[in-house]
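# Working through the structure, step by step
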Amino acid sequence: PEALTPEQSERIEAGVNRAVYADHRLNIKYKKLSQAIEEGAMALFGEKYTETVRTITIGGEEPFSYELCGGTHVETTSDIGVFVLVSESSAAAGVRRIEAVTGREAYALIQRRFKTLKQAAGLLECAVDEVPEKAEKVLGDLAASEKENQRLRQRLVAAEFDSALAGTVEVGGVYVLAAQLTDADADSLRLMSDRFRQKYPLGVVVLASVHEGKPVIIAALSDELVKKGWSAGELVKTVAQVVGGGGGGRPNLAQAGGRDASKLGEALQQVLPWVEAKLG
């Protein structure tokens, strides 16, 4: 009823290969379909069988396989060669479908995979057997570097934000800031909006940036303004319309995206009129 785990797949593959290498001779007999089914022969759904069927038994006195099959088969299981499981998926409710290759195709697959493994070892500058350990270390180092880059990027954003605070204006007792920061992601913009709300208990802030080629907009309101019925979601949608986007979120914090980053400056110009309209 569920996908096989890697360990289960490995056990299945190993079990089939044990049967292959045991060199079992196929026992082929022709029987009445009703007799074969009664004896427990496996019949495939969707297949059409005649009144007399070809049965194949594998396993000697204690057979492990008894099937109906009209096709040509090997004489012994060892003729199959190596068996390599390629994939497994859901065939129907409660039924898994396993796909594998054998013989020459299995050998070719092994060669291709081993070649890929050797190429990976070359890129990682390690022995083939050390590839998993080295890859895990490289991924760990990469994650640490990305974390450090994120920390440095936030410091740069914070420095730029501190300079942008000079552009804060007061309208009817409400402090308003609409600013564009350089290459800041949504998390960084949210952090800066929190800093603004801590500095100005009665304030409106909209911060925007172009991150990975797309506009990102964060709008935040003080809780006192939210109690008056103001909504950061409404504000961010008003701003995002200019850049061909939309968004939403909580009344005190909302996020939006867009398509046209070139219009971010024009979009931010919508903030002050929105506040003035709310003040009446």
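Anything mentioned here points back to the structure above.
All values derive from a computational prediction rather than experimental measurement.

### Topic: the overall build of the protein
Within the protein, the secondary structure is distributed over 9 helices and 11 strands. In terms of principal-axis extent, the alpha carbons of the protein reach across some 95 × 50 × 30 Å. Taking all 280 residues of the protein together, 32% fall into the buried category. Pairs at least 24 apart in sequence give 54% of the contacts found in the protein among residues at least 6 apart. Total accessible area on the protein is roughly 17,400 Å²; 52% of this is exposed by carbon and sulfur atoms. Distance between charge centroids for the protein: 3 Å, based on 33 positive and 39 negative side chains.

### Quick look at the pattern of salt bridges
Evaluation of the coordinates by the stated rule reveals 11 salt bridges. Its salt-bridge partner being D194, residue R197 comes within 2.8 Å of it at the nearest N-O pair. Highlighted residues: R197 and D194, both in helix α5 (residues 186-199), separated by 3 residues, approximately one helical turn. On the basis of relative accessibility, which here comes to 18%, the residue R197 falls in the buried class. Using a relative accessible area of 30% as the deciding quantity, one classes D194 as partly exposed.

### So, the packing of helix α7 (residues 232-240) against helix α9 (residues 271-279)
In the contact formed by α7 and α9, the axes pass within 10 Å of each other and the chain directions differ by 140 degrees. Compared by their axis directions, α7 and α9 come out oblique. When the axes of α7 and α9 are compared, the crossing they make is right-handed. Packed against α7, whose contacting residues are E234, L235, T238 and V239, the element α9 presents V271, W274 and K278 at the interface. For the contact of α7 with α9, the residue count by class is 4 nonpolar, 1 polar and 2 charged.

### Considering a negative patch on the surface
Taken together, D129, E130, E133 and E136 make up a surface patch of like negative charges. Looking at the element boundaries, D129 is found in the loop between α3 (103-124) and α4 (131-164).

### Quick look at the packing of aromatic side chains
Two measures describe an aromatic ring pair: the distance that separates the ring centres and the angle between the ring planes. With the rule as written, the count across this model stands at 3 aromatic pairs. Measuring from centroid to centroid gives 4.8 Å for F196 and Y200, while their planes differ by 45 degrees, and the two rings are tilted. Given the relative accessible area of 0%, F196 is considered buried. Here the aromatic rings of W230 and W274 are separated by 5.8 Å at their centres, their planes lie at 85 degrees, and the arrangement is edge-to-face. Taken together, the residues span a long stretch of sequence, with W230 in the loop between α6 (223-227) and α7 and W274 in helix α9 at a distance of 44 residues. Classification of W230 as buried rests on a relative accessible area of 7%. In textbook terms, an aromatic cluster arises when at least three aromatic residues are bridged by ring pairs, as seen for Y175, F196 and Y200.

### Observations concerning the sheet that holds strand β3 (residues 65-68)
Strands sit in the order β1-β2-β3 across an open sheet of 3 strands; the sheet is antiparallel. The open sheet has two edge strands, β1 (27-32) and β3, and neither has a second partner. The mean angle between the axes of side-by-side strands here comes to 25 degrees, regardless of whether they run parallel or antiparallel. In terms of strand pairing, strand β2 (residues 52-58) meets β3 through 4 bridges, oriented antiparallel. Bridging across to β3, T55 finds its partner in L68.

Scoring rules and cut-offs
- Residues numbered from 1 in each chain as written.
- Predicted model: local features only at pLDDT ≥ 70, side-chain atom pairs only at ≥ 80, totals over all residues.
- Heavy atoms only, no water.
- Helix = DSSP H or I, 4+ residues; strand = E, 2+ residues; numbered from the N terminus.
- Buried < 20%, exposed > 50% of the residue type's maximum accessible area, 1.4 Å probe, protein only.
- Contact = heavy atoms within 4.5 Å.
- Areas by Shrake-Rupley, 256 points an atom, 1.4 Å probe, with all protein chains shown as cover.
- Lys, Arg positive; Asp, Glu negative; His and termini not counted.
- Charge placed at Lys NZ, Arg CZ, Asp CG, Glu CD.
- Salt bridge = Lys/Arg side-chain N within 4 Å of Asp/Glu carboxyl O.
- Axes fitted to C-alpha atoms, helices over the stretch in contact; angles between N-to-C directions.
- Parallel < 35°, antiparallel > 145°, perpendicular 65-115°, else oblique.
- Left-handed = near helix turned anticlockwise from the far one by under 90°.
- Nonpolar A, V, L, I, M, F, W, Y, C, P; charged D, E, K, R; others polar.
- Patch = residues over 30% accessible without salt bridge, like charges linked within 9 Å, V, L, I, M, F, W, Y side chains within 5 Å.
- Phe/Tyr/Trp six-rings, centres within 6.5 Å; stacked < 30°, edge-to-face > 60°.
- Pairing = 2+ DSSP bridges.

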